[in-house]
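Now for the letters of each chain:
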2 protein chains.
Amino acid sequence: MDRPIGIFDSGIGGLTVVKEVVRLLPFENIVYFGDTARVPYGIKSKDTIIKFSLENTLFLLGHDVKVIVIACNTSSSLALPVIRKHFKIPIIGVIMPGAKEAVYATKNKKIGVIGTRATVNSGAYEQEVKKLDRGIKVYSQACPMFVPIVEEGWTQDDIAYKVAKKYLEPFKKKGIDTLVLGCTHYPLLKSAIQNVMGPGVTLIDSAQQVALEVKHVLAQEGYLRKKRMKPAIEYFVSDEVAIFKNVAKKFLGKELKNIQKVPNV
Amino acid sequence: MDRPIGIFDSGIGGLTVVKEVVRLLPFENIVYFGDTARVPYGIKSKDTIIKFSLENTLFLLGHDVKVIVIACNTSSSLALPVIRKHFKIPIIGVIMPGAKEAVYATKNKKIGVIGTRATVNSGAYEQEVKKLDRGIKVYSQACPMFVPIVEEGWTQDDIAYKVAKKYLEPFKKKGIDTLVLGCTHYPLLKSAIQNVMGPGVTLIDSAQQVALEVKHVLAQEGYLRKKRMKPAIEYFVSDEVAIFKNVAKKFLGKELKNIQKVPNV
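Residues numbered from 1 in each chain as written. Chains lettered and ligands numbered in written order. Predicted model: local features only at pLDDT ≥ 70, side-chain atom pairs only at ≥ 80, totals over all residues.

Comments concerning the overall build of chain A
Next, step 1: In terms of regular secondary structure, chain A is built from 12 helices and 10 strands.
Next, step 2: Relative to the 2.2 N^0.38 estimate, which gives 18 Å for 265 residues, the radius of gyration of chain A is 18 Å and therefore close to what a compact globule would have.
Next, step 3: Here chain A holds 265 residues, and 52% of them are scored as buried.
Next, step 4: For chain A, restricting intrachain contacts to residue pairs at least 6 apart in sequence, the fraction spanning at least 24 positions comes to 79%. (Helix = DSSP H or I, 4+ residues; strand = E, 2+ residues; numbered from the N terminus. Rg over C-alpha atoms; globule rule 2.2 N^0.38 Å. Buried ≥ 20, exposed ≤ 12 C-beta atoms within 10 Å, placed from the backbone. Contact = placed C-beta atoms within 7 Å.)

Here we look at the packing of helix 1 (residues 15-24) of chain B against helix 11 (residues 207-221) of chain B
Two quantities define a packed helix pair, namely the angle between the axes and the distance from one axis to the other.
All names here are of chain B.
Next, step 1: Interaxial distance between helix 1 and helix 11 falls to 8 Å at its minimum, and their mutual angle equals 50°. The pairing of helix 1 with helix 11 is recorded here as oblique in orientation. Between helix 1 and helix 11 the crossing geometry is right-handed. Taken together, the residues of helix 11 that come into contact with helix 1 (itself represented by Thr16, Val17, Glu20, Val21, Arg23 and Leu24) are Ala207, Gln208, Val210, Ala211, Leu212, Val214 and Lys215.
Next, step 2: Tallied by class, the residues present in the contact of helix 1 with helix 11 amount to eight nonpolar, two polar and three charged. (Axes fitted to C-alpha atoms, helices over the stretch in contact; angles between N-to-C directions. Parallel < 35°, antiparallel > 145°, perpendicular 65-115°, else oblique. Left-handed = near helix turned anticlockwise from the far one by under 90°. Nonpolar A, V, L, I, M, F, W, Y, C, P; charged D, E, K, R; others polar.)

Here's the deal with the interface of chain B and chain A
Size of an interface: often given as the accessible area lost when the parts come together.
Next, step 1: Residue-level contacts link 17 residues of chain B with 17 residues of chain A.
Next, step 2: Secondary structure elements with two or more residues in the side of chain B that touches chain A: helix 2 (46-61), helix 8 (146-152) and helix 9 (158-174) of chain B.
Next, step 3: Broken down by element, the residue count for the side of chain B that touches chain A peaks at four residues, all from helix 9 of chain B.
Next, step 4: Class assignment for the residues of the side of chain B that touches chain A results in seven nonpolar, two polar and eight charged.

What to know about unusual backbone geometry
Next, step 1: Following A:Val39, the chain continues into A:Pro40 via a peptide bond in cis, with omega recorded as -5°.
Next, step 2: Inspection of the secondary structure assignment puts A:Pro40 in the loop between strand 2 (30-34) and helix 2 (46-61).
Next, step 3: Positive phi, normally seen in glycine, also occurs at A:Lys109, with a value near 60°.
Next, step 4: Among the secondary structure elements, A:Lys109 is positioned in the loop between helix 5 (95-105) and strand 5 (110-115).
Next, step 5: A residue is classified by how many C-beta atoms lie within 10 Å of it, and A:Lys109, with 15 of them, is partly exposed.
Next, step 6: The residue B:Asp64 is not glycine, and still its phi comes out positive at about 55°.
Next, step 7: Here B:Asp64 shows up in the loop between helix 2 and strand 3 (67-70).
Next, step 8: Assessed through the 11 C-beta atoms surrounding it within 10 Å, B:Asp64 is described here as exposed.

Observations concerning the sheet that holds strand 9 (residues 233-237) of chain B
Residues and elements named next belong to chain B.
Next, step 1: In space, the six strands of this open sheet follow the order 4-3-1-2-9-10, with parallel pairing throughout. At either end of the open sheet lies a strand with only one pairing partner, and these are strand 4 (91-92) and strand 10 (259-261).
Next, step 2: Bridge analysis of strand 3 against strand 4 gives two bridges, and the strand direction is parallel. Bridge assignment links isoleucine 68 to a residue of strand 4, and that residue is isoleucine 91. (Pairing = 2+ DSSP bridges.)

Re the relation of the copies chain B and chain A
Next, step 1: Mapping chain B onto chain A calls for a rotation angle of 180° and an axial translation of 0.0 Å; the resulting RMSD is 0.0 Å. This pairing of chains is accounted for by a two-fold axis. Across chain B, the smallest distance between a C-alpha and the rotation axis is recorded for B:Arg38, namely 2.4 Å.
Next, step 2: Interface overlap between copies: 100% of the residues of chain B at the interface are likewise at the interface in chain A, consistent with a symmetric, same-surface contact. (Least-squares fit on C-alpha atoms with pLDDT ≥ 70 in both.)

A word on the sheet that holds strand 5 of chain A
All names here are of chain A.
Next, step 1: The strand order 6-5-7-8 describes an open sheet built from four strands, whose pairing is parallel. Of all strands in the sheet, those bounded by a partner on one side alone are strand 6 (137-142) and strand 8 (202-204). Strand-to-strand twist of the sheet, defined as the mean angle between neighbouring strand axes without regard to direction, takes the value 25°.
Next, step 2: The pairing of strand 7 (residues 178-182) with strand 8 spans three bridges and is classified as parallel. Bridge assignment links valine 180 to a residue of strand 8, and that residue is isoleucine 204.

Description of the environment of A:Glu213
All names here are of chain A.
Next, step 1: Positionally, glutamate 213 belongs in helix 11 (residues 207-221).
Next, step 2: Taking the C-alpha atoms as reference points, glutamate 213 and proline 231, 18 residues apart in sequence, are found 20 Å from one another.
Next, step 3: Residue contacts for glutamate 213: discarding those within four places in its chain leaves Ile92 and Pro97.

So, the domain arrangement of chain A
Residue and element names in this part refer to chain A.
Next, step 1: Domain annotation for chain A reports domain 1 (5-93 + 208-261) and domain 2 (95-205).
Next, step 2: Placing a centre on the C-alpha atoms of domain 1 and another on those of domain 2 gives a separation of 22 Å.
Next, step 3: Domain 1 puts 24 residues into the contact, and the matching count from domain 2 is 22 residues.
Next, step 4: The residue inventory of the side of domain 1 that touches domain 2, partitioned by class, reads 10 nonpolar, 10 polar and four charged. (Domains from an automatic or database assignment.)

Some thoughts on the confidence of the model for chain A
Next, step 1: Summary statistics for chain A give a mean pLDDT of 95 and a share of 99% for residues scoring 70 or more.
Next, step 2: Prediction confidence for the complex, expressed as pTM and ipTM, is 0.93 and 0.90 respectively. (pLDDT = per-residue confidence, 0-100.)

Focus: the pairing of strand 9 (residues 233-237) of chain A
All names here are of chain A.
Next, step 1: Note that strand 2 and strand 9 share five bridges and pair parallel. In the sheet register, tyrosine 32 faces strand 9, and the bridge partner there is tyrosine 235.
Next, step 2: In the sheet, strand 9 pairs with strand 10 (residues 259-261) via three bridges, with the strands oriented parallel. When the bridges of strand 10 are listed, valine 237 appears paired with lysine 261.
Next, step 3: As a crossover connection, the stretch from strand 9 through helix 12 (residues 241-252) into strand 10 is right-handed. (Right-handed = clockwise from strand over helix to strand, strands pointing away.)

As structure tokens, then:
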């Protein structure tokens, strides 16, 4: 069917998920919403994150989407259960796909998770991992400075390495062999993170797994688009288009088109 | 009169202004609003900052305040002219007091200003300085990483010094002798900033000047409280109370009481 896939994020990070969805499902129409006026979510409370996420869901439903992807670890950790409880539409989050891949990757059954404070405090990754294998140990660490570093474009700077070291040194002592990048910004810091953790630790970026999950759900529901035609991909943001466009370029390495500001958020 | 002074900020930073107002005007009632659900403002657009600031103003007016202090450099830079245009109540921002103090302090007529991207792009400090002395040169630099560093509590860390150096090295070449800390978070990074700039540069923290301006305006309007009684100081936030309380402790070195979450923002 032609109805679009709806994807929302607190801001820009969800574009890494859009990229993988487009790669795997190149004919699907997409409506993306980035809540750039209220970004970031990761420093805020559960109630506020749920409130914002419900509003984002309503916005996407207004665009007649056929499935909703929560392309934000913080929203997925805290708001997904509530959204799933209230709405009939299939909802896909980023936690379960990331947890699944980490469980598959670990050999010594010690997994690390890094994310925003809200994601880490929620314990969402640990819950999902335990559902798959109770014998796995999960260690987690909030890294609040990673998002500003990425948005500042300092991913290759020595400061990125120093900050990564400050947060991740404790993990090396735990002996994890797998580390979930539990925030859509973090893949842009892969080289600094890998540098600190060493080559023996596998980094998990869930975007590809999320795209696979989207395909799986669409197929299951009979919702895949049949037409092999160029799709419409529309972006909506709650703050100014120009700001989003600038940071998007850092994320995707290309200019985005079809971006509109939503007046009423 | 007993009506309270209204003070708003995008979040926590305005508490440095509250502190100075309380010191100078110990009998005044105060209502503070921190928009912690939508913080930060400094990475957002002019329209969004104006919209949020107008909403904050309406909130404070609902508490029958006698004057409104915009204790946020970003809001003061971008929204103050609009708020002043629309509302009858006296409005005090933080830009003019800071600019005044910097003009007074500089000997070589070269002033630096650091702030959020929105504050720096607005050119608000430069405008105010030029009103006072057209012969002064103003150089400015956005320092987006300073706020997250303060909120992470890394003010004494080596990383704070490295980040300060990265932003401020260009200023040393300009030969400024005065530097305006154009964001309420920055006074907490004074030691790192002073370290980079050297002892010859005077750092301007406008909070004290803002308090003086509040006293001046209240006296002028005949609005000073006559009763020498313990005042009521109330705090309202748009996100969870506990999060605000934690960061407030870092800012003020003490526990805050009388904090309430506002349900409808």
